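# Fold and contact review
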Amino acid sequence: MIPSHNIYIHVPFCMSKCNYCAFFSRACNNPDWGKYSDEIISEISHWGRVLGQIDIPTIFFGGGTPSLMPVWVFEKIINTINKYFKPLANCEITLESNPGTLTQQKLADFCAAGVNRLSVGVQSLDDEKLKFLGRRHSADDAVQLLRAAQKKNIRVSADFIYGMPGDTVANIIKLCNDINSLGLTHCSMYELTIEPNTPFGKMNLDMPSNNDMADMYMAIDETLGMARYEVSNYAATGDVCKHNMNVWDGAPYIGIGRGAAGRIFIDNTWYEQMGGGELFKKLDNKSRAIERVITGMRMVCGMMLDNDTKKIINMDFVNSHPELVKINATGRIAATTHGMLVLDDLIEHMIKEDYEK
């Protein structure tokens with residue numbers, strides 16, 4: 001029996017590339033939405049035939065800028081998913097969006113077509129910082145979209161970036177207080193990461209020190225009116241992103257569209273998969289267990305221990321470093337607050353070097 005799979009659909013088109021962006025996306029003023037929708041529908045049909053009419057707990061449209069997509073394309077995709085799969089009655093359907101790409105009418109049409117969670121790429125509430133990041137919208141544009149979405153019967157999230165050149169703890173505290181005033185129940189707070197082959201990667205930016213970044217990270221925890229549930233994500237009770245939680249916790253998911261990644265589970269075997277038919281190959285149990293440690297330890301609730309993950313975890317290290325890692329009441333291994341600050345190093349030490357497949 002094939003278990004339920006989550007679905008991630010990549011929409012690669014943007015109005016312009018931001019200075020920090022390393023995702024698979026391309027600036028395009030007039031995408032061929034007919035061709036795009038045909039390709040996506042072909043992929044969904046393929047996986048429907050391979051997996052059968054399995055349950056779908058979540059559907060996530062990421063990008064790129066999915067809100068650029070015409071609503072008829074979204075409807076066509078959702079109708080195809082309904083044809084081949086069984087989305088759960090409470091299926092979470094997330095649409096990533098950018099301010100300036102959704103009119104009131106288009107937002108209403110997306111909601112009527114099935115979107116029940118909107119993720120808004122705000123990134124900053126400071127117009128000068130938005131210009132620095134290469135964003136096309138203003139802070140007011142972002143606030144107006146958030147307010148419009150909050151009036152709909154949907155869940156609303158916003159993304160923000162911190163740790164830019166010149167950022168201080170005081171800046172971050174102000175940002176958190178401004179976010180609190182918006183009445184959000186979910187937000188993502190991403191540390192600015194300088195990636196090669198991006199405009200920022202070609203600049204010699206004067207970035208905050210690691211110590212300063214750690215202080216900002218802790219200031220978010222102390223100021224934001226939502227609880228952290230993952231390294232970069234905060235939510236009011238019951239308002240976590242189900243799609244991301246499922247993926248981080250090791251559940252199977254299908255990647256649809258070029259640039260999408262998936263992890264398929266068939267006949268007790270994991271497969272690494274990429275959208276556009278670019279990759280489909282067996283994933284050995286060790287590699288999948290390591291992935292689950294890396295993603296699971298990002299969550300405040302920690303990672304699940306099962307036969308595969310138990311084989312690769314260095315329990316001597318875990319038991320001898322209670323200041324970094326703990327086994328909680330549900331039997332999960334989780335990072336402490338201090339452990340979250342050094343998570344990459346922590347995970348490296350947690351995984352046995354001598355594990356055999």
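Before reading further, recall that the structure is shown in the block above.
Below you will find a few notes about this structure. (Residues numbered from 1 in each chain as written. Predicted model: local features only at pLDDT ≥ 70, side-chain atom pairs only at ≥ 80, totals over all residues. Heavy atoms only, no water.)

## Let's talk about the overall build of the protein
Summing up its helical and strand segments, the protein has 13 helices and 16 strands in all. Here the protein has a C-alpha radius of gyration of 21 Å; the compact-globule value for 357 residues is 21 Å, and the two agree. Seen along its three principal axes, the alpha-carbon backbone of the protein occupies a region of about 55 × 55 × 40 Å. Counting across all 357 residues of the protein, residues that qualify as buried make up 51%. For the protein, long-range pairs separated by at least 24 residues make up 69% of all intrachain contacts whose partners lie at least 6 apart in sequence. If you sum the accessible surface of the protein, you get close to 16700 Å²; carbon and sulfur atoms cover 49% of it. Averaging the locations of the 35 positively and 42 negatively charged side chains of the protein gives two centres separated by 7 Å. (Helix = DSSP H or I, 4+ residues; strand = E, 2+ residues; numbered from the N terminus. Rg over C-alpha atoms; globule rule 2.2 N^0.38 Å. Buried < 20%, exposed > 50% of the residue type's maximum accessible area, 1.4 Å probe, protein only. Contact = heavy atoms within 4.5 Å. Areas by Shrake-Rupley, 256 points an atom, 1.4 Å probe, with all protein chains shown as cover. Lys, Arg positive; Asp, Glu negative; His and termini not counted. Charge placed at Lys NZ, Arg CZ, Asp CG, Glu CD.)

## Here's the deal with the nonpolar core
Formed by 85 residues in total, the largest nonpolar core has its most connected members in F61, M189, M297 and M350. The contacts of M189, once residues within four sequence positions are left out, are F160, Y162, L175, C176, I179, I220, L224, S232 and Y234. If you look at the next biggest cluster of nonpolar residues, it comprises nine residues, including A235, M245, W248 and A260. (Core = buried A, V, L, I, M, F, W, Y, C linked by side-chain atoms within 4.5 Å.)

## Some thoughts on the pairing of strand β14 (residues 279–283)
Taken together, the five bridges between strand β13 (residues 269–274) and β14 define a ladder with antiparallel strand orientation. In the sheet register, Y271 faces β14, and the bridge partner there is K282. Linking β13 to β14, which pair antiparallel, is a turn of four residues; within it G276 sits at a positive phi near 75°. (Pairing = 2+ DSSP bridges.)

## As for the packing of helix α6 (residues 169–181) against helix α7 (residues 210–223)
At their nearest, the axes of α6 and α7 sit 9 Å apart, and the two run at 30° to each other. Taken together, the axes of α6 and α7 lie roughly parallel to each other. As for the relative orientation of α6 and α7, their crossing is right-handed in sense. Contacts between α6 and α7 involve V169, I172, I173, C176, N177 and N180 on the former and, on the latter, D215, M216, A219, I220 and T223. The class makeup of the residues in the contact of α6 with α7 is seven nonpolar, three polar and one charged. (Axes fitted to C-alpha atoms, helices over the stretch in contact; angles between N-to-C directions. Parallel < 35°, antiparallel > 145°, perpendicular 65-115°, else oblique. Left-handed = near helix turned anticlockwise from the far one by under 90°. Nonpolar A, V, L, I, M, F, W, Y, C, P; charged D, E, K, R; others polar.)

## Points about helix α1 (residues 33–51)
With 19 residues, α1 should reach 27 Å at 1.5 Å per residue; the first-to-last C-alpha distance of 27 Å fits that figure. Residue G52 follows α1 closely and has a positive phi angle near 85°. (Expected span 1.5 Å × (residues − 1).)

## Remarks on the pattern of salt bridges
This model, assessed by the stated rule, comprises 14 salt bridges. Measuring nitrogen to oxygen at the nearest pair gives 3.9 Å for the salt bridge that ties K86 to D55. With a gap of 31 residues between them, K86 in strand β5 (residues 86–97) and D55 in strand β4 (residues 55–63) connect regions that are remote in the sequence. On the basis of relative accessibility, which here comes to 42%, the residue K86 falls in the partly exposed class. (Salt bridge = Lys/Arg side-chain N within 4 Å of Asp/Glu carboxyl O.)

## Structural notes on the environment of R49
Counting through the fold element by element, R49 comes out in helix α1. Spatially, the C-alpha atom of R49 lies 46 Å from that of L125, the residues being 76 residues apart in sequence.

## Brief notes about the packing of aromatic side chains
Enumeration over the complete set of coordinates arrives at ten aromatic pairs. Where F13 meets Y36, the ring centres are 5.7 Å apart and the plane angle is 70°; that geometry is what we call edge-to-face. Placement of F13 in strand β2 (residues 13–14) and of Y36 in helix α1 is noted, with a sequence separation of 23 residues between them. The pair F13 / Y36 is uniform in exposure class, with both members buried. Among the aromatic residues, those joined into a ring-pair cluster are F13, W33 and Y36. Taking the ring centre of Y217 as reference, the NZ or CZ of R228 above it sits at 3.7 Å. One Lys or Arg, R288, reaches over the ring of W270 and ends 4.3 Å from the middle of that ring. (Phe/Tyr/Trp six-rings, centres within 6.5 Å; stacked < 30°, edge-to-face > 60°. Lys NZ or Arg CZ within 6 Å of the ring centre and 35° of its normal.)

## Some points on a negative patch on the surface
Together, D126, D127, D140 and D141 make up a negatively charged patch on the protein surface. Locating D140 in the fold gives a position in helix α5 (residues 139–150). Residue D140 is classed as partly exposed on the basis of its relative accessible area, which comes to 47%. (Patch = residues over 30% accessible without salt bridge, like charges linked within 9 Å, V, L, I, M, F, W, Y side chains within 5 Å.)

## What to know about the side chain of S97
Mapped onto the fold, S97 is located in strand β5. With residues up to four places along the chain from it excluded, the contact list for S97 reads S67, L102, L118, S119, V120, G121 and L145.

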